[in-house]
Amino acid sequence: VWEAATGRRLLALAGHTDAVRSVSFSADGGRVVTTSMDATARVWDVASGGCSQALRGHVKALSGANFSPDGARVLTASFDGTVRVWDAASGECIFVLLGENNVVNAAAFSPDGSMVLVASASESLHLFSAETGECKMTLSGHEDWVRVANFSPDGALVASGSYDGTARIWSALDGQCVQLLEGHRGAVVATSIAAA
């Protein structure tokens, strides 16, 4: 962990046994969750550098993780085809969501923490209840695997990028595609929606 203003290294977080794939801060900046090729995620305390939780249960490398907006939960996405939602304090797995075709490329909490967005190795995205794990909506339309997906800051829209070379903007309320963005020559591997 480095201090952005000075570039000074503050902490070295050591504990994974293979390459680190992602790093994400909690909303309050007090914790970091990391994922690794070693099939684990780790929750770290930024002040001390200590690992407060080692989240184990996936059987393949993890593709990403993030905290719920309130910091109470962590979700992890894995190449084993699952998303796991964990209690951030205890490290207990609350529930497991199944992706499609044995790969989950991306997963994210909605800004209010009520939904989990999952992009798998398929042409569709899925919105699940973050409380029960029930699938509430499927967003279909891409012609190849969805590589990335995220919510707009207000949670009303979802942006997705696919190996079909398109990005799409979806309504998170009814699942309808509201914009098809074409023109890329290859896969769309990053998306973001600015605040209105």
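Residues numbered from 1 in each chain as written. Predicted model: local features only at pLDDT ≥ 70, side-chain atom pairs only at ≥ 80, totals over all residues. Heavy atoms only, no water.

(A) View of the packing of aromatic side chains. Inspection of the entire model under this criterion finds one aromatic pair. Residues Trp 145 and Tyr 163 carry aromatic rings whose centres are separated by 6.4 Å and whose planes lie at 70° to one another, so their mutual orientation is edge-to-face. Of this pair, Trp 145 sits in the loop between strand S12 (135-140) and strand S13 (146-151) while Tyr 163 sits in the loop between strand S14 (157-162) and strand S15 (167-171); the two residues are 18 residues apart in sequence, bridging distant segments of the chain. For Tyr 163, a relative accessible area of 37% corresponds to the partly exposed category. (Phe/Tyr/Trp six-rings, centres within 6.5 Å; stacked < 30°, edge-to-face > 60°. Helix = DSSP H or I, 4+ residues; strand = E, 2+ residues; numbered from the N terminus. Buried < 20%, exposed > 50% of the residue type's maximum accessible area, 1.4 Å probe, protein only.)

(B) Up close: the pairing of S15. Taking burial as the measure, the five residues of S15 include five buried ones, the bulk of the element. Side chains Ala 167, Ile 169 and Ser 171 of S15 all project onto a buried face; the interleaved residues Arg 168 and Trp 170 project onto the opposite face, where all are buried too. As defined by bridge partners, S14 adjoins S15 across five bridges and the pair is classed as antiparallel. Among the inter-strand pairings, Val 158 is bridged to a residue of S15, identified as Trp 170. Bridge analysis of S15 against strand S16 (residues 177-181) gives four bridges, and the strand direction is antiparallel. Counterpart to Ala 167 in the pairing with S16 is Leu 181. Linking S15 back to S16 in an antiparallel pair, the connection comprises five residues, with Gly 175 at a positive phi of about 80°. (Pairing = 2+ DSSP bridges.)

(C) Focus on the confidence of the model for the chain. Taken as a whole, the chain shows an average pLDDT of 94; of its residues, 100% reach a score of 70 or greater. Per-element confidence in the chain is highest for S15, whose mean pLDDT is 97, and lowest for strand S9 (residues 104-109), whose mean pLDDT is 92. (pLDDT = per-residue confidence, 0-100.)

(D) The sheet that holds strand S2 (residues 31-36), seen in detail. Taken together, four strands build an open sheet; the order of strands is S1-S2-S3-S4 and the sheet is antiparallel. Pairing within the sheet leaves two strands with one partner each, and these edge strands are strand S1 (20-25) and strand S4 (51-56). When strand polarity is set aside, the average angle formed by the axes of neighbouring strands in this sheet is 15°. Where strand S3 (residues 40-45) meets S4, five bridges bridge the pair, whose relative direction is antiparallel. When the bridges of S4 are listed, Arg 42 appears paired with Ala 54. (Axes fitted to C-alpha atoms, helices over the stretch in contact; angles between N-to-C directions.)

(E) Molecular detail of the nonpolar core. Of all hydrophobic cores here, the largest spans 14 residues; its most connected members are Leu 117, Ala 119, Leu 125, Leu 127, Leu 139, Phe 151 and Val 158. Contributing elements (two or more residues each) for this core: strand S10 (115-120), strand S11 (124-129), S12 and S13. In this structure Leu 139 touches Glu 123, Ser 124, Leu 125, Val 158, Trp 170, Ser 171 and Gly 175, once residues within four positions along its chain are discounted. (Core = buried A, V, L, I, M, F, W, Y, C linked by side-chain atoms within 4.5 Å. Contact = heavy atoms within 4.5 Å.)

(F) Looking closely at the environment of Ser 63. As for its position among the elements, Ser 63 is in strand S5 (residues 62-67). On the basis of relative accessible area, Ser 63 is assigned to the buried category, the value being 14%. Considered as a pair, Ser 63 and Ser 78 are 15 residues apart in the sequence and their alpha carbons are 5.2 Å apart. Setting aside chain neighbours within four positions, we find Ser 63 in contact with Arg 21, Ser 22, Ala 77, Ser 78, Phe 79, Val 104 and Asn 105.

(G) Inspection of the sheet that holds strand S8 (residues 93-98) at higher detail. Strands sit in the order S5-S6-S7-S8 across an open sheet of four strands; the sheet is antiparallel. Each end of this open sheet is capped by a strand with a single partner; those strands are S5 and S8. Adjacent strand axes in the sheet meet at a mean angle of 15°, parallel and antiparallel pairs treated alike. Here S5 pairs with strand S6 (residues 73-78) via five bridges, running antiparallel. Bridging from a neighbouring strand, Gly 64 pairs with Ala 77 of S6.

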